Amino acid sequence: MPVQPRRAADAAASPDTVRLDGVGFGYGHGPEVLRDVNLTLPRGSFHFLTGHSGAGKSTLLKLLTLAARPTRGALWLFGEDAGDAPRGTLPTFRRRMGVVFQDFRLLDHMSAFDNVALPLRLAGARPAAYAGNVTEMLEWVGLGDRAQTCPPALSGGEKQRLAIARAVIAGPELIVADEPTGNVDADMAARLLKLFQSLNRLGATVLIASHDEALAARSGAAVLRLDGGRIRGAQA
Ligand SMILES: Nc1ncnc2c1ncn2[C@@H]1O[C@H](COP(=O)(O)OP(=O)(O)OP(=O)(O)O)[C@@H](O)[C@H]1O
């Protein structure tokens, strides 16, 4: 396993990585997509988030990754109030997360290797220190022979695996992934699930939004369902 969550083992930290109390959210003047979301993700937990298309899964992930703020209710991340945090402090929260976006958001002008290395470079690591980890991670997601290829020349499934590699390489405390297995076959989905499970065993809190109910069931993780703007289901 090429990564280690850095701060997840900090026993002094809050036990809950994520907490939402009575959160509501609507786009512009539209109706509320999320109505009364109460959600607690204890540190080191692993959850799937399911729900029909349009139920609000991506919207909830936008709130967790601070791409949008709740219109009401409270949002706590890593034991700190993130719902009302000043804009200037948001990068501090985001640096502790690894996010797999549904649309990947890869940097097209950079090689696969450089895309994965980016979070480490931004954290100040030196190429000599991270090159081995990046290579190992690319191999783990089946892209060992694509290291020098730029994203436009990769298939949808390869881009997805690259996005996952980039999201987890720096050992984030919280991993949030939106449909991370939507473009890969069943064997690769199982392999990627294993990667998330390994990171979870090392201490990362994991939340995966997915249509794939069978994968969620096979994972053994607690399954949350978004329905009518609210969360239903087990919260382990
Ligand atoms: N930027 C936006 N502006 C206005 N409405 C939006 C926007 N993004 C999403 N919505 C609406 O919010 C609702 C929830 O969308 P969201 O993408 O969160 O659902 P989802 O559960 O992730 O769906 P899917 O499984 O199809 O990805 C939908 O009715 C959608 O049309």
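The structure we're discussing is the one just above.
Since the model is a prediction, treat every value here as computed from it, not as a measurement. (Residues numbered from 1 in each chain as written. Predicted model: local features only at pLDDT ≥ 70, side-chain atom pairs only at ≥ 80, totals over all residues.)

Draft legend 1. Region of interest: the overall build of the protein. Counting its secondary structure elements, the protein contains seven helices and 10 strands. The dimensions of the protein, computed from C-alpha atoms along their principal axes, are 45 × 35 × 35 Å. Considering the protein as a whole, with its 236 residues, one finds that 42% of them fall into the buried category. Pairs at least 24 residues apart make up 72% of the contacts formed inside the protein by residues separated by at least 6 positions. (Helix = DSSP H or I, 4+ residues; strand = E, 2+ residues; numbered from the N terminus. Buried ≥ 20, exposed ≤ 12 C-beta atoms within 10 Å, placed from the backbone. Contact = placed C-beta atoms within 7 Å.)

Draft legend 2. How the structure looks around the pairing of strand β7 (residues 174–178). Of all five residues making up β7, five are buried, and the element is well covered by its neighbours. Side chains of β7 alternate between two faces, with Leu-174, Val-176 and Asp-178 and Ile-175 and Ala-177 buried alike. By the bridge criterion, four bridges tie strand β6 (residues 97–100) to β7 in an arrangement that is parallel. Bridging from a neighbouring strand, Met-97 pairs with Leu-174 of β7. Where β7 meets strand β8 (residues 205–209), five bridges bridge the pair, whose relative direction is parallel. In the strand pairing of β8, Asp-178 is matched with Ala-209. (Pairing = 2+ DSSP bridges.)

Draft legend 3. Highlighting the sheet that holds strand β1 (residues 16–26). Sheet architecture is open: four strands sit in the order β2-β1-β4-β5, paired in antiparallel fashion. Of all strands in the sheet, those bounded by a partner on one side alone are β2 (32–42) and β5 (80–81). Direction of pairing for β1 relative to β2: antiparallel, over a ladder of seven bridges. Residue pairing in the sheet places Gly-26 in a bridge with Glu-32 of β2.

Draft legend 4. View of helix α1 (residues 57–64). Every buried residue of α1 is listed here: Lys-57, Leu-60, Leu-61, Leu-63 and Leu-64. Projected down its long axis, α1 carries its buried residues within an arc of 155 degrees, all on one side. (Arc of directions from axis to C-beta.)

Draft legend 5. Representation of the site of the ligand within the structure. What surrounds the ligand is the set Tyr-27, Gly-30, Val-33, Gly-51, Ser-53, Gly-54, Ala-55, Gly-56, Lys-57, Ser-58 and Thr-59. Looking at which element gives the most residues to the shell around the ligand, the answer is α1, with three residues. Among the residues forming the shell around the ligand, the class breakdown is three nonpolar, seven polar and one charged. (Near = placed C-beta within 6 Å. Nonpolar A, V, L, I, M, F, W, Y, C, P; charged D, E, K, R; others polar.)

Draft legend 6. Spatial organisation of the packing of helix α3 (residues 112–122) against helix α4 (residues 127–140). It is the contact of α3 with α4, at a shortest axis distance of 10 Å, that shows an interaxial angle of 125 degrees. In terms of orientation, α3 and α4 fall into the oblique class. The hand of the α3/α4 crossing is right-handed. Residue-level inspection shows Ala-112, Phe-113, Val-116, Ala-117 and Leu-120 of α3 in contact with α4, the latter providing Tyr-130, Val-134, Met-137 and Leu-138. Taken together, the residues of the contact of α3 with α4 sort by class into nine nonpolar, no polar and no charged. (Axes fitted to C-alpha atoms, helices over the stretch in contact; angles between N-to-C directions. Parallel < 35°, antiparallel > 145°, perpendicular 65-115°, else oblique. Left-handed = near helix turned anticlockwise from the far one by under 90°.)

Draft legend 7. Looking closely at the nonpolar core. Core analysis: the biggest nonpolar cluster contains 65 residues, and Val-116, Leu-138, Ile-164, Ala-165 and Ile-175 have the highest contact counts within it. Ignoring any residue separated from it by four or fewer positions in sequence, one finds Ile-175 in contact with Gly-98, Ala-167, Val-168, Phe-196, Leu-199, Ala-204 and Val-206. (Core = buried A, V, L, I, M, F, W, Y, C linked by C-beta atoms within 7 Å.)

Draft legend 8. The packing of α3 against helix α5 (residues 156–168), seen in detail. In the contact formed by α3 and α5, the axes pass within 7 Å of each other and the chain directions differ by 30 degrees. With respect to each other, α3 and α5 are oriented roughly parallel. Crossing hand, α3 versus α5: right-handed. Here Ala-112, Asn-115, Val-116, Leu-118 and Pro-119 of α3 come into contact with α5, specifically with Leu-162, Ala-165 and Arg-166. Along the lines of polarity and charge, the residues of the contact of α3 with α5 split into six nonpolar, one polar and one charged.

Draft legend 9. Spotlight on the pairing of β1. What sits between the antiparallel neighbours β1 and β2 is a turn of five residues, in which Gly-28 has the positive phi angle 55 degrees. Across five bridges, β1 lies against strand β4 (residues 72–77) in antiparallel orientation. Its bridge partner being in β4, Asp-21 is matched across the sheet by Ala-74.

Draft legend 10. Examining helix α6 (residues 186–201) more closely. Look at α6: 22 Å from first C-alpha to last across 16 residues, which is about the 22 Å you get at 1.5 Å a residue. Every buried residue belonging to α6 is among Ala-189, Leu-192, Leu-193, Leu-195, Phe-196, Leu-199 and Asn-200, and all of these are buried. For α6, the buried positions fall inside an angular range of 150 degrees around the axis, keeping them on one side. Across α6 from its buried face, at more than 90 degrees, point the exposed residues Asp-187, Lys-194 and Arg-201. Contact partners of the buried residues in α6: β3 (46–50), α4, α5, β7, β8 and α7 (213–219). Directly after α6, the chain includes Gly-203, whose backbone phi takes a positive value near 120 degrees. (Expected span 1.5 Å × (residues − 1).)

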